[in-house]
Amino acid sequence: MSRKRLTQRFPALIPLRQAQRKACFYLGMRLDGRRYAAGRGKLLPLEVFSQTVPLYNRETGFPMVYQENKVFNLHLAAKELEGLLIRPGETFSFFRAVREADRETSYRDGLIVVNGELTTAPGGGLCQLSNLLFWLFLHSPLTIVERSGHREKDFPDLGDQPAGVDATVAEGWVDLKVRNDTQETFQLTLSFGAETMTGTLRADRETGVEYRVENRGLQYLRRGGAVIEEVDVLRREICRATGELLREQILYHNSCRIGYPLAAGLME
């Protein structure tokens, strides 16, 4: 049996531990020598990639009020990202960008995983935004600096992205970071429909490359009573002018526990 963490044994210590981690988290960014994206500007002329995803997941097993709260939280965070520029040499950090999103209006309780359990907490649901941003970044020449996948999925994904293409975030613990190693400037824009969220990555000039992201070797295995999803995430870089394959690489291997019933025929 695994040994319980101190905060699992004494839950009253959780706020203190969170404050400690957040202080170290942001201090580390102040001292790491990176230039972090913070500026905004007029709308850049070229659309690099855009994706629209549904906002409401009705398969969580929790009351829909937590989906409404999630959407409220997403709107708050998106305001801090709208029009953000990622200039050459700059690094984008999800939490550095949205750190003050709740300074005037508090986040509402949304779904979040704490100590391996799905529960509710203020700011829950922001992973849907980091997932979308990661999908945009994968369709660009931006360099992924930090990304962590969800270790558990307790309900089916929203949207039609390939399996394993996600980026969990937890302030003080896990961030999403990308670095601009190109000579182009990129820009984020976000918009909302009644039941959708659209993210767009723009640039000041044509990159000349199209990116295609897909799965390889997707399988579902049973281990120790748990169902595990295993998959490689593959990216192809295609020359826009000629259609020539410039590069093909497996970006990473993703593994996570599945906590919901799978469709018939998916298990090996």
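In this report, the structure presented in the accompanying data block is examined.

Parameters at a glance
Within any chain, residue numbers begin from 1 and follow the written order of that chain's sequence. The predicted nature of this model means local features are confined to residues of pLDDT at least 70 and side-chain atom pairs, given and counted, to a pLDDT of 80 or more, with totals for whole chains, interfaces and linings taken over all residues. The basis for the side-chain values is all heavy atoms of the structure; hydrogens and waters are excluded. Each helix is a run of H or I in the DSSP string that is no shorter than four residues. Each strand is a run of E no shorter than two, and both are numbered from the N terminus. Any N or O atom pair separated by 3.5 Å or less is treated as a polar contact, with the protein-specific requirement of one donor-capable and one acceptor-capable atom, and with residues adjacent in sequence counted only for side-chain atom pairs. When checking whether two residues touch, look at their non-hydrogen atoms; a contact exists if any pair is within 4.5 Å. Within this scheme, the nonpolar core is defined by two criteria: the residues are buried Ala, Val, Leu, Ile, Met, Phe, Trp, Tyr or Cys, and they are joined through side-chain atoms within 4.5 Å. Exposure categories follow from relative accessible area, calculated using a 1.4 Å probe and restricted to protein chains: below 20% of the type maximum is buried, above 50% is exposed, and the middle band is partly exposed. In this description, strands pair whenever DSSP reports at least two bridges between them. Here an axis means a line fitted to C-alpha atoms, over the contact stretch when the element is a helix, while the angle between two N-to-C directions is reported on a 0 to 180 degree scale. A helix is expected to span 1.5 Å for every residue after the first. The pairing test for Phe, Tyr and Trp rings, Trp by its six-membered ring, is centres within 6.5 Å, and the orientation test on the planes gives stacked under 30 degrees, edge-to-face over 60, and tilted for anything in between. Two thresholds decide whether a charge sits over a ring: the Lys NZ or Arg CZ must be within 6 Å of the ring centre and within 35 degrees of the ring normal. The term salt bridge refers to a side-chain nitrogen of Lys or Arg lying within 4 Å of a carboxyl oxygen of Asp or Glu.

## Side note on the side chain of Gln 187
Move 1: Among the secondary structure elements, Gln 187 is positioned in strand S10 (residues 186-192).
Move 2: In this structure the side chain of Gln 187 is engaged in a polar contact, spanning 3.3 Å, whose partner is the backbone oxygen of Lys 42.
Move 3: Not counting residues within four places of it along the chain, the set of residues in contact with Gln 187 comprises Gly 41, Lys 42, Leu 43, Leu 44, Gly 83, Leu 84, Leu 85, Thr 200, Leu 201 and Arg 202.

## Regarding the nonpolar core
Move 1: Leu 81, Phe 92, Phe 94, Leu 129, Leu 133 and Phe 137 are the most contacted members of the largest nonpolar core, which totals 50 residues.
Move 2: Listed by contribution, the elements that provide at least two residues to this core are helix H2 (14-31), strand S2 (46-54), helix H3 (65-81), helix H4 (94-98), helix H5 (127-138), S10 and strand S11 (196-203).
Move 3: Excluding residues within four positions of it along the chain, Phe 92 makes contact with Ala 37, Leu 81, Leu 84, Ile 86, Ala 97, Leu 133, Phe 137, Leu 176, Lys 177, Val 178 and Leu 188.
Move 4: Counting five residues, the second largest nonpolar core, distinct from the first, contains Tyr 220, Val 227, Ile 258 and Tyr 260.

## Some details on the sheet that holds strand S7 (residues 143-146)
Move 1: Judged by pairing direction, the sheet is mixed, and its four strands sit side by side in the order S1-S4-S9-S7 without closing on themselves. Single-partner strands in this sheet number two, and they are strand S1 (35-36) and S7.
Move 2: Bridge count for S1 against strand S4 (residues 90-93) is two bridges, and the pairing is parallel. Within the sheet, the bridge partner assigned to Tyr 36 lies in S4 and is Thr 91.
Move 3: Along the sheet face, H5 touches S4, S7 and strand S9 (177-179) and points at about 145° away from the line of S7.

## As for H5
Move 1: Taking 1.5 Å per residue, twelve residues should reach 16 Å; H5 reaches 16 Å between its end C-alpha atoms and fits that length.
Move 2: Extensive coverage of H5 is indicated by the burial of eleven of its twelve residues.
Move 3: Taken as a whole, H5 has its buried residues at Cys 127, Gln 128, Leu 129, Ser 130, Leu 132, Leu 133, Phe 134, Trp 135, Leu 136, Phe 137 and Leu 138.

## Thoughts on the packing of aromatic side chains
Each aromatic ring pair is specified by the distance between its two centres and by the angle formed by the two planes.
Move 1: Per the counting criterion, the structure on display carries seven aromatic pairs.
Move 2: Between Phe 25 and Tyr 26, the aromatic rings sit 5.1 Å apart at their centres with planes inclined by 85°, giving edge-to-face as the arrangement.
Move 3: The class for Tyr 26 is buried, based on a relative accessible area of 7%.
Move 4: Judged by its relative accessible area of 13%, Phe 25 falls in the buried class.
Move 5: Three or more aromatic residues link up through ring pairs in this structure, and these residues are Phe 25, Tyr 26, Phe 94 and Phe 95.
Move 6: The ring centre of Tyr 26 lies 3.7 Å from the NZ or CZ of Arg 99, which sits over that ring.
Move 7: Taking NZ or CZ as reference, Arg 108 lies 3.7 Å from the ring centre of Phe 72, over its face.

## Some details on the sheet that holds strand S13 (residues 226-239)
Where strands meet in a sheet, backbone hydrogen bonds hold them as pairs that are either parallel or antiparallel.
Move 1: Strand order in the open sheet formed by four strands is S8-S14-S13-S12, and the pairing between neighbours is mixed. Both edges of this open sheet fall to strand S8 (152-153) and strand S12 (209-223), since each of them pairs with a single strand only.
Move 2: As judged from the two bridges shared by S8 and strand S14 (residues 245-258), these two strands associate in the parallel manner. Residue pairing in the sheet places Lys 153 in a bridge with Ile 258 of S14.
Move 3: Its contacts with the sheet place H5 against S12, S13 and S14, and it is angled at close to 125° to S12.

## So, the pattern of salt bridges
Move 1: Taken as a whole and assessed by the stated rule, the structure comprises 20 salt bridges.
Move 2: For Asp 166, the salt bridge identified is with Arg 147, shortest N-O distance 2.8 Å. Placement of the pair is Asp 166 in the loop between S8 and S9 and Arg 147 in the loop between S7 and S8, with a sequence separation of 19 residues. Each of the two residues, Asp 166 as well as Arg 147, counts as buried.
Move 3: With a closest N to O distance of 3.2 Å, Glu 248 and Arg 216 form a salt bridge. Remark: Arg 216 occurs in strand S12 and Glu 248 occurs in strand S14; sequence separation between them is 32 residues.
Move 4: Classification of Arg 216 by relative accessible area gives partly exposed; the value is 36%.
Move 5: Shared partners join several salt bridges into a network, and the residues in it are Glu 214, Arg 216, Arg 236 and Glu 248.

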